[in-house]
Amino acid sequence: LPLLAPALLVGQVLGQTHDISRDDHAWAPAGPGDFRGPCPMMNTLANHGFIQRDGRNITRENAVNGLRDGLNFNPTLSNIMFDQAIIANPEPNATYFTLDQLNKHNLLEHDASLSRSDAYFGNNHVFNQTVFDETRKWWQGPIITASMLANSKVARQLSSKAFNPTYVFTLVTEEFSLGEVVAPVIAFGDTENVIVNRTLVEYFFENERLPTELGWTRREDAVSLETILHATDTIRNATRLYTEPINSLSKRKLGRNPHFG
Ligand code: HEM
Ligand code: MG
């Protein structure tokens, strides 16, 4: 006990209610004063204490360790993700971000999310069952495929484009969005074939909890940037609404267009 006392004291001085160095990774929802954001996985890692349970001051080291311990992400990948995330903290030369800083609309947070409402309609960061039901309507069958994930992404975008007069979705957003849409496969599924069990994904989104009690375990092979790029490209291809192979236009002569030719 005397050895632990300094850490606990420091925690009390900083107003922290949880001591991360002694964390058992049991799931607990955010308490009053804890920060959460628009990312279901960062919220989940906080709920398990893989990053700070209070969602505050997530340093590079915290992110790299949390993504390794929780999901077996390799450090190179996690460092890249941290580099992309640190702009969320508006301070110059910031060394950490907090989960609520991720909420800033059209910085990292964007329209047409799978499980959150557009900022125009209200809260852009709390899980929204109505929005998520719209998304999972496209996940037909017990195994979610790349095609189904792509369909849910495109459907959410079409819905936002049609009904949100402030809809914004840039090419940068597209890249982030593809990564987010494939993320459940990276965490819980088969990254090679880009498929994942629907029950695991629904449980994760709805509870912000790792689906351990459904039999999921952290993957044994580390996730790398290459893993993500392969899976992301599969989703990107699956978002096309025409059925021919890519590049078929350049590979054959087209007949005259019957309408405008
Ligand atoms: C969404 C940040 C890691 C899964 C988001 C969003 C942000 C974000 C800002 C909101 C985008 C939107 O408007 O929908 C981060 C940061 C990470 C991180 C800073 C680490 C440094 C991860 C990981 C996974 C993940 C490791 C899972 C493997 C997701 C998913 C969404 C999302 C599924 C989409 C949620 C939705 O569309 O409703 N993330 N994320 N994230 N993130 Fe993360
Ligand atoms: Mg959003």
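The structure displayed is predicted, hence computed values, not measured ones.

> I tried to follow the coordination of the magnesium ion (ligand 2) on my own but got confused; where do I start?
In an ideal octahedron of six donors the angles at the metal are 90 or 180 degrees, and in an ideal tetrahedron of four donors they are 109.5 degrees. Note on the magnesium ion (ligand 2): its protein donors are Glu109 (OE), His110 (O) and Ser113 (OG). The metal-donor distances range over 1.9 to 2.2 Å. Of note, the donors binding the magnesium ion (ligand 2) are all from one chain and are spaced E-H-x2-S. Of the two residues, His110 and Ser113, neither departs from the other in class, the shared state being buried.

> Before we go on, may I ask you to explain the coordination of the iron atom of ligand 1 in this structure?
One donor from the polypeptide reaches the iron atom of ligand 1: Cys39 (SG), at 2.3 Å. Its location among the elements puts Cys39 in the loop between α1 (5-13) and α2 (40-47).

> Just to check I follow, could you spell out the pattern of salt bridges for this structure?
Close approach of charged atoms allows side chains with opposite charge to pair. This model, assessed by the stated rule, comprises 14 salt bridges. Close ionic contact of Arg53 with Asp23 constitutes a salt bridge, the shortest N to O distance being 2.8 Å. Note that Arg53 is positioned in the loop between α2 and β1 (58-59) and Asp23 in the loop between α1 and α2, a separation of 30 residues in sequence. Judged by relative accessible area, which is 12%, Arg53 ranks as buried. For the salt bridge of Glu174 with Lys153, the shortest nitrogen-to-oxygen distance reads 2.7 Å. Remark: Lys153 occurs in helix α6 (residues 146-163) and Glu174 occurs in helix α7 (residues 171-188); sequence separation between them is 21 residues.

> Would you mind going over the packing of aromatic side chains with me for this structure?
Each aromatic ring pair is described using two quantities: the centre-to-centre distance and the angle formed by the ring planes. Taken as a whole, this structure holds 10 aromatic pairs when the rule is applied. Between Phe82 and Phe97, the aromatic rings sit 5.8 Å apart at their centres with planes inclined by 40°, giving tilted as the arrangement. Pair noted here: Phe82 is in helix α4 (residues 75-85) and Phe97 is in strand β2 (residues 96-97), with a separation of 15 residues, a long-range link. Aromatic pair Phe132 and Phe205: ring centres 4.9 Å apart, planes at 35°, arrangement tilted.

> Teacher, can you tell me more about the side chain of Asn74 here?
One can find Asn74 in the loop between α3 (60-71) and α4. Separated by 2.9 Å, the side chain of Asn74 and the backbone nitrogen of Leu77 make a polar contact.

> Please explain the nonpolar core as it appears in this structure.
Within soluble globular proteins, side chains that are nonpolar generally end up buried alongside one another. By size, the foremost hydrophobic cluster in this structure holds 47 residues, and its most contacted members are Leu71, Phe97, Phe188 and Ile235. Contributing elements (two or more residues each) for this core: α2, α3, α4, α6, α7, α8 (198-207) and α9 (225-238). Ranked by residue count, the leading element in this core is α7, at 7 residues.

> Sorry, what's going on with the site of ligand 1 here?
What surrounds ligand 1 is a group of 22 residues, the closest being Cys39, His110, Ser113, Leu114 and Ser115. Separating an oxygen atom of ligand 1 from a backbone N or O atom of His110 is a distance of 2.8 Å. Sorting the residues of the shell around ligand 1 by element identifies α2, α3, α4 and α7 as the ones contributing at least two each. Tallying contributions element by element places α2 first for the shell around ligand 1, with 3 residues. For the shell around ligand 1, the per-class residue count stands at 16 nonpolar, 3 polar and 3 charged.

Criteria and cut-off values
Residues numbered from 1 in each chain as written. Chains lettered and ligands numbered in written order. Predicted model: local features only at pLDDT ≥ 70, side-chain atom pairs only at ≥ 80, totals over all residues. Heavy atoms only, no water. Donors = N, O, S within 2.8 Å, 3.2 Å for Na, K, Ca; no water. Buried < 20%, exposed > 50% of the residue type's maximum accessible area, 1.4 Å probe, protein only. Helix = DSSP H or I, 4+ residues; strand = E, 2+ residues; numbered from the N terminus. Salt bridge = Lys/Arg side-chain N within 4 Å of Asp/Glu carboxyl O. Phe/Tyr/Trp six-rings, centres within 6.5 Å; stacked < 30°, edge-to-face > 60°. Polar contact = N/O pair within 3.5 Å; in protein donor to acceptor, adjacent residues only side chain to side chain. Core = buried A, V, L, I, M, F, W, Y, C linked by side-chain atoms within 4.5 Å. Near = heavy atom within 4 Å. Nonpolar A, V, L, I, M, F, W, Y, C, P; charged D, E, K, R; others polar.

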